[in-house]
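For reference, the chains in residue letters:
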Amino acid sequence: MNDLEDLYREIILDHYKNPRNQGELPVPPAAVEEGYNPLCGDEIKVYVQVDGDKLSAITTTGQGCSISRSSASLLTQAVKGRPLEEVHAIVEQFRQIMGVNTDPDLIPLSDRELGELAALKGVVKFPVRIKCALLSWNTFEAALAKVTTV
Ligand code: ZN
């Protein structure tokens, strides 16, 4: 156990106990998608709203384990208010961290560039947890596809 792992555990716990961007958005103009991880029982709804080329709002509701809930909170924090191009790049980076990115040209971000998202890096050591961490991200992409043409 080292200091970095302690810090990462604290970040995950903080986002689990105090999840960011919780709640619903009016549909429309927002879009919503539901996700379920039967392996763990994690459930989520992701609400997204796009204005122009920007993800103007994202919220989630749901229940599940600490990894799925903190990952959802970290996701909303990482993408909210950003241009869609950056949003897609962040999703690809997260897939890379979880070992499910198939793009060989992707240049991984440093921990510093990842910010608090780096806290989820340790999840990849526990394959059964990867689905927990990815649930909100996959659901988010499905929701986003409903309101964008990209
Ligand atoms: Zn889970």
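Anything mentioned here points back to the structure above.
Structural notes, computed from the coordinates. (Residues numbered from 1 in each chain as written. Predicted model: local features only at pLDDT ≥ 70, side-chain atom pairs only at ≥ 80, totals over all residues. Heavy atoms only, no water.)

**Observations regarding the pattern of salt bridges**
Then, in step 1: Following the criterion strictly, the structure yields seven salt bridges and no others.
Then, in step 2: Here Asp14 makes a salt bridge to Arg20, at a shortest N to O gap of 2.8 Å.
Then, in step 3: The exposure class assigned to Asp14 is partly exposed, which follows from its relative accessible area of 29%.
Then, in step 4: Here Glu33 ties to Lys146 by a salt bridge, and the two come within 3.0 Å at their closest N and O atoms. With a gap of 113 residues between them, Glu33 in strand S1 (residues 31-37) and Lys146 in helix H5 (residues 127-147) connect regions that are remote in the sequence.
Then, in step 5: Given the relative accessible area of 23%, Glu33 is considered partly exposed.
Then, in step 6: The network of salt bridges with shared partners includes Glu92, Arg95 and Glu141. (Salt bridge = Lys/Arg side-chain N within 4 Å of Asp/Glu carboxyl O. Buried < 20%, exposed > 50% of the residue type's maximum accessible area, 1.4 Å probe, protein only. Helix = DSSP H or I, 4+ residues; strand = E, 2+ residues; numbered from the N terminus.)

**Description of the side chain of Arg95**
Then, in step 1: Relative to the elements of secondary structure, Arg95 occurs in helix H3 (residues 84-97).
Then, in step 2: Residues in contact with Arg95, not counting those within four places in the same chain, are Val100, Asn101, Asn138 and Glu141. (Contact = heavy atoms within 4.5 Å.)

**Observations concerning the coordination of the zinc ion**
Then, in step 1: Coordination of the zinc ion by the protein involves Cys40 (SG), Asp42 (OD), Asp42 (OD), Cys65 (SG) and Cys132 (SG), with metal-donor separations of 2.2 to 2.7 Å.
Then, in step 2: The sequence pattern formed by the donor residues of the zinc ion is C-x1-D-x22-C-x66-C. Of this pair, Cys65 sits in the loop between strand S3 (54-63) and helix H2 (66-79) while Cys132 is found in helix H5, placing the two residues 67 residues apart along the sequence.
Then, in step 3: Look at Cys65 and you get buried, because its relative accessible area is 15%. (Donors = N, O, S within 2.8 Å, 3.2 Å for Na, K, Ca; no water.)

**Observations concerning the nonpolar core**
Then, in step 1: Core analysis: the largest hydrophobic core is formed by 39 residues, its most contacted members being Val48, Leu55, Val79, Phe94, Met98 and Phe140.
Then, in step 2: Put simply, the parts of the chain that give this core at least two residues each are helix H1 (3-17), strand S2 (42-51), S3, H2, H3 and H5.
Then, in step 3: Sequence-distant contacts of Met98, defined by excluding residues within four places in its chain, comprise Leu120, Val123, Val124, Ile130, Ala133 and Leu134. (Core = buried A, V, L, I, M, F, W, Y, C linked by side-chain atoms within 4.5 Å.)

**Some words on the sheet that holds S1**
Then, in step 1: Taking strand neighbours across the sheet as the criterion, the three strands line up as S1-S2-S3 in an open arrangement whose pairing is antiparallel. A single partner strand is all that each edge strand has here, and the edge strands are S1 and S3. Here the average twist between neighbouring strands, direction ignored, is 20 degrees.
Then, in step 2: When S1 meets S2, the two strands line up antiparallel, connected through seven bridges. If you follow Ala31 over to S2, its bridge partner there is Val48.
Then, in step 3: Contacts from H2 reach S2 and S3 within the one sheet, and its direction differs from that of S3 by about 170 degrees. (Pairing = 2+ DSSP bridges. Axes fitted to C-alpha atoms, helices over the stretch in contact; angles between N-to-C directions.)

**Thoughts on the packing of H1 against H2**
Then, in step 1: Look at H1 against H2: their axes get within 8 Å of each other, and the N-to-C directions meet at 85 degrees. Classified by the interaxial angle, the pair formed by H1 and H2 is roughly perpendicular. Across the interface between the two elements, Ile11, Ile12, His15 and Tyr16 of H1 pack against Ser66, Ile67, Arg69, Ser70, Ser73, Leu74 and Gln77 of H2.
Then, in step 2: Residue classes in the contact of H1 with H2 are distributed as five nonpolar, five polar and one charged. (Parallel < 35°, antiparallel > 145°, perpendicular 65-115°, else oblique. Nonpolar A, V, L, I, M, F, W, Y, C, P; charged D, E, K, R; others polar.)

**Section: H1**
Then, in step 1: The terminal C-alpha atoms of H1 lie 21 Å apart, and with 15 residues this matches the ideal 21 Å at 1.5 Å per residue to within 8%.
Then, in step 2: Residues Tyr8, Ile11, Ile12 and His15 constitute the buried set of H1. Projected onto a plane normal to the axis of H1, the buried residues spread over an arc of 95 degrees and lie on a single side. When the buried face of H1 is taken as reference, the exposed residues oriented beyond 90 degrees from it are Asp3, Glu10 and Lys17.
Then, in step 3: Contacts made by the buried residues of H1 are with H2 and helix H4 (111-114). (Expected span 1.5 Å × (residues − 1). Arc of directions from axis to C-beta.)

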